[in-house]
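Here is what each chain is made of, one letter per residue.
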Amino acid sequence: MKLLMNISLQQLWRGAVNTFLAYPLVLLAAFTGTAAVIINTDLSFNQKQEHLYLEKLMLVSSLGLILFFTFELLVSKYKLALRWRVALWVLGAGLLGLYFWLLPLSCSQSTGSAT
């Protein structure tokens, strides 16, 4: 607790900015997934049936969180240039977009009945 008392708002702000600059798409995926979960939680059952894309967004955001964090670790480990970092961002965003597009709207569409 004493450690938190010695941190100024300026240090906290600098830490937040440094984290954002180091992991921008990781944070974007985290905030997008969190917003989708919060919105989905507040919907009634009938409204959830109208907004099935939120489930897809939650799945893709959680995958994006891991994917972009892994890309950032690769960039830092191999000390890749900025153009490779941007290329990995574009590749990751493209893969996530394709995955979002290919996912069925509901999990019940992809499971068959065992009759």
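Heads up: the structure comes first, above all this text.
Cut-offs applied
- Residues numbered from 1 in each chain as written.
- Predicted model: local features only at pLDDT ≥ 70, side-chain atom pairs only at ≥ 80, totals over all residues.
- Heavy atoms only, no water.
- Patch = residues over 30% accessible without salt bridge, like charges linked within 9 Å, V, L, I, M, F, W, Y side chains within 5 Å.
- Areas by Shrake-Rupley, 256 points an atom, 1.4 Å probe, with all protein chains shown as cover.
- Salt bridge = Lys/Arg side-chain N within 4 Å of Asp/Glu carboxyl O.
- Helix = DSSP H or I, 4+ residues; strand = E, 2+ residues; numbered from the N terminus.
- Buried < 20%, exposed > 50% of the residue type's maximum accessible area, 1.4 Å probe, protein only.
- Expected span 1.5 Å × (residues − 1).
- Arc of directions from axis to C-beta.
- Contact = heavy atoms within 4.5 Å.
- Core = buried A, V, L, I, M, F, W, Y, C linked by side-chain atoms within 4.5 Å.
- Polar contact = N/O pair within 3.5 Å; in protein donor to acceptor, adjacent residues only side chain to side chain.
- Phe/Tyr/Trp six-rings, centres within 6.5 Å; stacked < 30°, edge-to-face > 60°.

S.K.: Would you take a moment to explain a nonpolar patch on the surface for this structure?
M.R.: A grouping of W13, V17, F20 and L21 is seen on the molecular surface, where their side chains present a nonpolar patch of about 440 Å² in accessible area. By the secondary structure assignment, F20 is in helix α2 (residues 9-22).

S.K.: Got a minute to help me understand the pattern of salt bridges in this structure?
M.R.: For the coordinates displayed, the defined rule picks out one salt bridge. The shortest N-O distance in the salt bridge between E72 and R85 comes to 3.1 Å. Residue E72 is found in helix α5 (residues 53-78), and its partner R85 is found in helix α6 (residues 82-102); the two are separated by 13 residues along the sequence. You'll find E72 and R85 in the same group, each marked buried.

S.K.: Just checking my understanding: could you explain α6 for this structure?
M.R.: In an α-helix there are 3.6 residues to a turn, and that puts residues three or four apart on one side. Helix length check: α6 (21 residues) gives 30 Å between terminal C-alpha atoms against 30 Å at 1.5 Å per residue, within 8%. Where α6 is concerned, the buried positions are R85, L88, G92 and L96. The arc enclosing the buried residues of α6, seen along the axis, measures out at 65°, which places them on a common side. Structural note: α6 exposes R83, V90, W101 and L102 on the side pointing more than 90 degrees away from its buried face. Each element contacted by the buried residues of α6 is listed here: α2, α3 (24-42) and α5.

S.K.: How should I be thinking about the nonpolar core in this particular structure?
M.R.: Nonpolar side chains tend to gather and get buried jointly when the protein is soluble and globular. Residues V26, V60, F68, F71, V75, L88, L96 and L103 constitute the largest nonpolar core, which totals eight residues. Sequence-distant contacts of V26, defined by excluding residues within four places in its chain, comprise L65, F68, F69 and E72.

S.K.: Just to check I follow, could you spell out the side chain of E72 for this structure?
M.R.: Of the residues examined, E72 reaches a relative accessible area of 7% and is grouped as buried. A polar contact is formed between the side chain of E72 and the side chain of R85, at a distance of 3.1 Å.

S.K.: Explain the packing of aromatic side chains to me, please; I cannot follow it from the model alone.
M.R.: What describes a pair of aromatic rings is the distance from one ring centre to the other and the angle between the planes of the rings. By the definition in use, this model includes two aromatic pairs. Taking the centre distance of 5.7 Å and the plane angle of 40° together, the rings of Y23 and F69 count as tilted. Placement of the pair is Y23 in the loop between α2 and α3 and F69 in helix α5, with a sequence separation of 46 residues. On the accessibility criterion, F69 (38% relative accessible area) is partly exposed.

S.K.: Any chance you could explain the side chain of S61 here in plain terms?
M.R.: If you trace the backbone, S61 turns up in helix α5. Excluding anything up to four places from it in sequence, S61 contacts A29, T32 and G33.

S.K.: Sorry if this is basic, but what is going on with unusual backbone geometry here?
M.R.: The phi torsion of most residues other than glycine is negative, and most of the peptide bonds are trans. Unusually for a residue other than glycine, K79 sits at a positive phi of about 50°. Along the polypeptide, K79 turns up in the loop between α5 and α6. You can call K79 exposed: its relative accessible area is 69%.

Read these as layout, nothing more, since geometry by itself doesn't imply function.
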